[in-house]
Amino acid sequence: KRLLPLFAGLVLLLSACGRSDLSTLNPQGPVADKQFDLMLLAITIMTIVVVAVFGIAIYVVIRYRRRPGQEEIPKQIEGNHKLEVIWTVIPILLLIILAVPTVKYVFAFAEDYSGDPDAVNVKVTGHQFWWEFEYTDLGINTAHDLVIPKGKKIAIELRTADVLHSFWVPAIAGKMDTNPQGNVNKMFIEAYEAGLYRGKCAEFCGQSHALMEFKVKSVSEETFKAWVAEMKAEPKAFEGDLKVAESFKQNCLTCHAIDNAPALGPNLKGFGSREAVAGIMLNRETADEPIEQAVVEEHLRQWITEPQKVKPGNTMPAFKEQLSEEELDGIVKYLAEYKLESLKEFNKQ
Ligand code: CUA
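Reading the values: rules and limits
Residues numbered from 1 in each chain as written. Predicted model: local features only at pLDDT ≥ 70, side-chain atom pairs only at ≥ 80, totals over all residues. Helix = DSSP H or I, 4+ residues; strand = E, 2+ residues; numbered from the N terminus. Rg over C-alpha atoms; globule rule 2.2 N^0.38 Å. Contact = placed C-beta atoms within 7 Å. Pairing = 2+ DSSP bridges. Domains from an automatic or database assignment. Nonpolar A, V, L, I, M, F, W, Y, C, P; charged D, E, K, R; others polar. Core = buried A, V, L, I, M, F, W, Y, C linked by C-beta atoms within 7 Å. Buried ≥ 20, exposed ≤ 12 C-beta atoms within 10 Å, placed from the backbone. Axes fitted to C-alpha atoms, helices over the stretch in contact; angles between N-to-C directions. Expected span 1.5 Å × (residues − 1). UniProt positions renumbered as here; feature names shortened; annotations may be inferred.

## Considerations on the overall build of the protein
Link 1 in the chain: Counting its secondary structure elements, the protein contains nine helices and ten strands.
Link 2 in the chain: Against the globule reference of 20 Å for 349 residues, the protein gives a C-alpha radius of gyration of 27 Å, more extended than a compact globule.
Link 3 in the chain: The dimensions of the protein, computed from C-alpha atoms along their principal axes, are 100 × 50 × 40 Å.
Link 4 in the chain: Look at the contacts in the protein between residues 6 or more apart in sequence, and 68% of them connect residues 24 or more apart.

See the structure below:
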């Protein structure tokens, strides 16, 4: 009876891990699939070992227990060649069974698809605390949302702008470090179907490590083409007062970019389609439902005026006095409403 709450807690914990967009137990791509197979294999072998060892131990304790009236010391045995060979050979065999597929997959996942004409090449750079995605063949630079065509190999090159991070999309593939020493790590990801998968930084990298999230949006081939065309087009123009446009340029575009140029901070093109501010953090609780414009605007306002409160330790300065109420309003509206036509259908789900 005392164990009941414990079990209930465990079930609750496991069900929380079962979120399909952030779970290794629900593989949605070939790499995650094989990784899941390896986990199953390891768990199966471990279960067999545990059951066998505990079974024998319990059997021996019961079968050879001291019975009433039994006074003499049982026969003392020292060494048994046959047994020793058996308990050496069995673990060796089990380790070989584990090692062969593990080594095989390690090499399979290290396959470099960057030269594959069918693959999409993406240079991923980890920053404290956001992810930059540069589509090297397509001339696109973006952040936070990695948009990929389903069923295609995405050849990924991992770098860092500062410290060690680790790129991980649990339901699709992972995880691999970004290395500060300048050496580039390579991996590939692929999603079977269209869908939203959440990604995480999986290496402690500072104060807001836990908030360094990103999304992988796997879309159909047509949607991807439309997205590429939209990302390569001229950025959306400011409407109305030119003062706001000038303020945006002066204050925001010093560190950010609105075209595909690399910048110090996350690229802002198509910002409204990300349905999140500062990655995912502000909209985390509503991430499963369509997010209301007013909520995004409120979060954006909070981010611009108090970025350290939202994501401690990030490099965004607070813009409080520098912006007039009118300028802040205009910038927030522009960014929140800057939605990409190509992702409208996708973002509804
Ligand atoms: Cu980046 Cu942890």
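From this point, the discussion proceeds with the structure in view.
## Section: the pairing of strand 7 (residues 173–178)
Link 1 in the chain: In the sheet, strand 6 (residues 165–169) pairs with strand 7 via five bridges, with the strands oriented antiparallel. Across the sheet, His165 pairs through a bridge with Thr178, a residue of strand 7.
Link 2 in the chain: Connecting strand 6 to the antiparallel partner strand 7 that follows it, the hairpin turn spans three residues.

## Some details on the domain arrangement of the protein
Link 1 in the chain: Assigned domains within the protein: domain 1 (120–232) and domain 2 (242–348).
Link 2 in the chain: Relative to domain 2, the C-alpha centre of domain 1 lies at a distance of 20 Å.
Link 3 in the chain: Of all elements in the fold, only strand 2 (130–135), strand 3 (140–143), strand 10 (213–219) and helix 4 (221–232) reach the threshold of two or more residues within the side of domain 1 that touches domain 2.
Link 4 in the chain: Counted by class, the side of domain 1 that touches domain 2 contains eleven nonpolar, nine polar and six charged residues.

## Quick notes on the nonpolar core
Link 1 in the chain: By size, the foremost hydrophobic cluster in this structure holds 43 residues, and its most contacted members are Val122, Ile154, Ile156, Val169, Ile172 and Ile189.
Link 2 in the chain: Each residue touching Val169, except ones within four places of it in the same chain, is listed here: Gly174, Ile189, Tyr197, Gly199 and Val216.
Link 3 in the chain: Counting 21 residues, the second largest nonpolar core, distinct from the first, contains Phe248, Val277, Val296 and Trp303.

## Comments concerning the sheet that holds strand 8 (residues 185–189)
Link 1 in the chain: With mixed pairing, five strands are arranged side by side in an open sheet as 3-2-1-5-8. With partners counted over all chains shown, the strands left at the sheet margins are strand 3 and strand 8, one partner each. Ignoring which end each strand starts from, the neighbouring axes of this sheet average 25 degrees apart.
Link 2 in the chain: Note: strand 1 (residues 120–127) against strand 2, six bridges, orientation antiparallel. Counterpart to Val122 in the pairing with strand 2 is Tyr135.

## Comments concerning the environment of Lys269
Link 1 in the chain: Of note, Lys269 is situated in the loop between helix 5 (242–252) and helix 6 (293–305).
Link 2 in the chain: Given 23 C-beta atoms within a 10 Å radius, Lys269 is considered buried.

## Topic: helix 8 (residues 325–336)
Link 1 in the chain: Here helix 8 spans 16 Å end to end across twelve residues, near enough to the 16 Å set by a 1.5 Å rise per residue.
Link 2 in the chain: Regarding helix 8, the residues found buried are Glu327, Leu328, Gly330, Ile331, Val332, Tyr334, Leu335 and Ala336.

## Quick look at the pairing of strand 1
Link 1 in the chain: Among the eight residues in strand 1, six count as buried, and that is most of the element.
Link 2 in the chain: Here strand 1 pairs with strand 5 (residues 154–160) via seven bridges, running parallel. Counted as the bridge partner of Gly126 is Thr160 from strand 5.
Link 3 in the chain: Here strand 1 folds back onto strand 2 in antiparallel fashion, the turn holding two residues.

## Remarks on the UniProt feature "domain: Cytochrome oxidase subunit II copper A binding" (unreviewed entry) in the protein
Link 1 in the chain: The sites that UniProt annotates as "domain: Cytochrome oxidase subunit II copper A binding" (unreviewed entry) are residues 117–230.
Link 2 in the chain: Segment residues 117–230 splits into 9% helix and 53% strand. End C-alpha atoms: 22 Å apart.

## Topic: the sheet that holds strand 9 (residues 195–201)
Link 1 in the chain: If you walk across this open sheet you meet the five strands as 4-10-9-6-7, and the pairing is mixed. The sheet terminates laterally at strand 4 (145–149) and strand 7, the two strands that pair on one side only. Going across the sheet, the axis of each strand differs from the next one's by a mean of 20 degrees, ignoring polarity.
Link 2 in the chain: Strands strand 4 and strand 10 of the sheet are contacted by helix 4, whose axis makes an angle of about 130 degrees with strand 4.

## A short note on unusual backbone geometry
Link 1 in the chain: Residue Gln128 is joined to Phe129 through a cis peptide bond whose omega torsion reads 5 degrees.
Link 2 in the chain: Looking at the element boundaries, Phe129 is found in the loop between strand 1 and strand 2.
Link 3 in the chain: The omega torsion of the bond from Gly174 to Lys175 falls at -15 degrees, within 30 degrees of zero and hence cis.
Link 4 in the chain: Here Lys175 is to be found in strand 7.
Link 5 in the chain: Even without glycine at this site, His144 takes up a positive phi of about 70 degrees.
Link 6 in the chain: Take His144: it is sitting in the loop between strand 3 and strand 4.
Link 7 in the chain: By C-beta crowding, His144 is classed as buried, having 21 other C-beta atoms within 10 Å.
Link 8 in the chain: A positive phi is found at Glu275, a non-glycine position, where the angle reads about 50 degrees.
Link 9 in the chain: Assignment of secondary structure puts Glu275 in the loop between helix 5 and helix 6.
Link 10 in the chain: On the neighbour-count criterion, Glu275 (22 C-beta atoms within 10 Å) is buried.

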